[in-house]
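# Structure assessment
Next come the chains, spelled out residue by residue.
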Amino acid sequence: MQQILVVDDDPSFNDLVSNYLRRQNFTISSVSSAKSALKELEGNKFDLVLADYKLPGMDGLELIGQIKSTYADLPVILITNYADIRVAVDSIKLGAFEFVTKPVIPDELLRVIDLALSKPKGHKTGKDSAERSDYVIGENARTSQLWKHLTMVAPTKMNVLIIGESGTGKEHISRTIHKMSHRSNGPFVAVDCGALSVELAGSELFGHVKGAFTGANVEKKGLFEEANGGTLFLDEAGNLPHEIQSLLLRAIQEGKIKKVGGNVEIGVDVRLLAATNENLDQNVADGSFRNDLYHRLNEFELKVPSLRDRFDDLEEYCEFFVQQASEELGKPPMKLSSEVLDVFKGYHWPGNLRELRNIIRRSVLLSSETVITADTLPAGLRAEQSPVQSISDSKGPEPERLNIKEQSTIQEKQLIVDALVKYKYNKTKAAHALNIDRSTLYYKIKQYQIDS
């Protein structure tokens, strides 16, 4: 049987966890301090360590450092409180496999333990790196406030509206809320609201029965059913057509859905997280977004700052994205030159963290040395004036003249990119400026592989 060392100075919690894991057929040793844990490790072979953060003498972070310096391949899981999110992040940096938060959910703990024990020794995948490096909080006051509020709302049942520019990490924040909630063992289902057509929205959200309409050859589960017991993430909620808003409101109010073409009501238990880069207050005022739906979705609001508003953390984000890209692409550890950092600091980042990550991945791929130099950056990035300024301040064509139907295929992609940048990746406004509907814009973005 696999052996686990449990380290916690709370006797009742220690006994509770230890007894639960014994019932799951693990061999358990338990101690109440980091010093005792290190002594226990000297004379025994363990497959995993489960340690609380708040320990006498030496805390959990120090213990992780000690363990990893001697037993590099031994997975460690840290137990912490919701309020200690920065501690949890630091534990990952120190080499912890994962962290779990109190109150501990047994099934979640068992899932994390199984993942840790099934991971090949000495092997770190790109996927692992991608997931870990997203945990970047930084020291910026706005970001710290965001994480403080996130950790407060995550364990509740409240629906959350996440507001921020495109590329600021709204979906990552929603996934973090789900992971830190009591629904973490349930599914997390994401839907891009801007891509929902009026004709098929009912089927996508609620499913349909066989024969409900032409082409409905089999019965289909909708997204609400898929997310039952978990979280449904509505990305770009501000782009929901008015007809779909009514359908969504009814499902939220009643907690029941009907499949398209069906008569049976199906109960669903779903927490809603919605994200938008739109000004929904303005949309409510002008009637394009329902006031009652807005208040259903906005039981708690999180505002995500743009990268421009957290420039004091730019270097930390760069370090993490460089590490992430190096591992994903099989490159040796790299770092950015001071010249590259200067270029980054002089740029306005309309695409925010997503744009930063993508540019760094490109530079890591192109670099043949361990120091990333400016010649690996896109040419436009080094322009004296940022893309946002040059497009917005130019004397070029007015938005209504950016008619994509009148341009050649060669020009199409650049026009789309220019419109997205000018309108800060607001697809509704970009589509309007290009004189196309949103569904066509989404198709073109996918066709040209434009990161939006």
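Our subject is the structure that appears above.
Residues numbered from 1 in each chain as written. Predicted model: local features only at pLDDT ≥ 70, side-chain atom pairs only at ≥ 80, totals over all residues. Heavy atoms only, no water.

## Some details on empty space enclosed by the protein
Inspection of the entire model under this criterion finds 2 cavities of 30 Å³ or more. As a volume, the largest cavity reaches approximately 40 Å³. Considering the residues around the largest cavity, the lining is formed by F99, V100, T101, E108, K179 and M180. With 3 residues, strand β5 (residues 98–102) is the single largest residue contributor to the lining of the largest cavity. Looking at the lining of the largest cavity, its residues break down into 3 nonpolar, 1 polar and 2 charged. Put simply, the second largest cavity is a space of about 30 Å³. (1 Å grid on protein atoms, 1.4 Å probe; cavity = no way out; pocket = protein on both sides within 12 Å on 5 of 7 lines; lining within 4 Å. Points joined across faces, edges and corners; volume = space filled by probe spheres on them. Helix = DSSP H or I, 4+ residues; strand = E, 2+ residues; numbered from the N terminus. Nonpolar A, V, L, I, M, F, W, Y, C, P; charged D, E, K, R; others polar.)

## Considering the layout of surface pockets
Reported here for the second largest pocket is a volume of approximately 710 Å³. E355, I359, V417, Y425 and D451 are, among the 24 residues lining the second largest pocket, the residues nearest its centre. Elements that contribute at least two residues to the lining of the second largest pocket include exactly α16 (352–366), α17 (387–392) and α18 (409–422). Residues belonging to the lining of the second largest pocket are distributed by class as follows: 12 nonpolar, 5 polar and 7 charged.

## Focus: the sheet that holds strand β10 (residues 231–235)
With parallel pairing, 5 strands are arranged side by side in an open sheet as β7-β10-β13-β6-β14. Both edges of this open sheet fall to β7 (188–192) and β14 (300–303), since each of them pairs with a single strand only. This sheet shows a mean twist of 20° between the axes of neighbouring strands, independent of strand direction. (Pairing = 2+ DSSP bridges. Axes fitted to C-alpha atoms, helices over the stretch in contact; angles between N-to-C directions.)

## Focus on the side chain of S203
With respect to the element layout, S203 can be found in helix α9 (residues 198–206). In this structure S203 comes out as buried when scored by relative accessible area, which is 6%. At 2.7 Å, the side chain of S203 forms a polar contact with the side chain of H208. Here S203 is in contact with H208, F213, K220, G222 and V260, once residues within four sequence places are set aside. (Buried < 20%, exposed > 50% of the residue type's maximum accessible area, 1.4 Å probe, protein only. Polar contact = N/O pair within 3.5 Å; in protein donor to acceptor, adjacent residues only side chain to side chain. Contact = heavy atoms within 4.5 Å.)

## Here's the deal with the nonpolar core
Within the largest apolar cluster, 30 residues are counted, with the highest numbers of intra-cluster contacts made by F224, L232, L234, L272 and L297. Where this core is concerned, the elements lending two or more residues are β7, α9, α10 (223–226), β10, α11 (242–254), β13 (271–276) and α13 (291–297). At 5 residues, α11 tops the list of elements feeding residues into this core. Counting 26 residues, the second largest nonpolar core, distinct from the first, contains L314, Y317, I359 and V364. (Core = buried A, V, L, I, M, F, W, Y, C linked by side-chain atoms within 4.5 Å.)

## Notes on the pattern of salt bridges
Tallied over the entire structure, the rule returns 17 salt bridges. The residue E265 makes a salt bridge to K256 at a minimum N-O spacing of 3.9 Å. Overall, the relative accessible area of 40% leaves E265 in the partly exposed class. Members of the salt-bridge network, linked through shared partners, are D8, D52 and K102. (Salt bridge = Lys/Arg side-chain N within 4 Å of Asp/Glu carboxyl O.)

## Topic: the pairing of β5
Looking along a regular strand, one sees side chains alternate from face to face of the sheet. Most of β5 is tucked away: 4 of the 5 residues are buried. Of the pairings in the sheet, the one linking strand β4 (residues 76–81) to β5 comprises 5 bridges and is parallel in character. In the sheet register, L78 faces β5, and the bridge partner there is F99.

Honestly, it's all geometry; don't read function into it.
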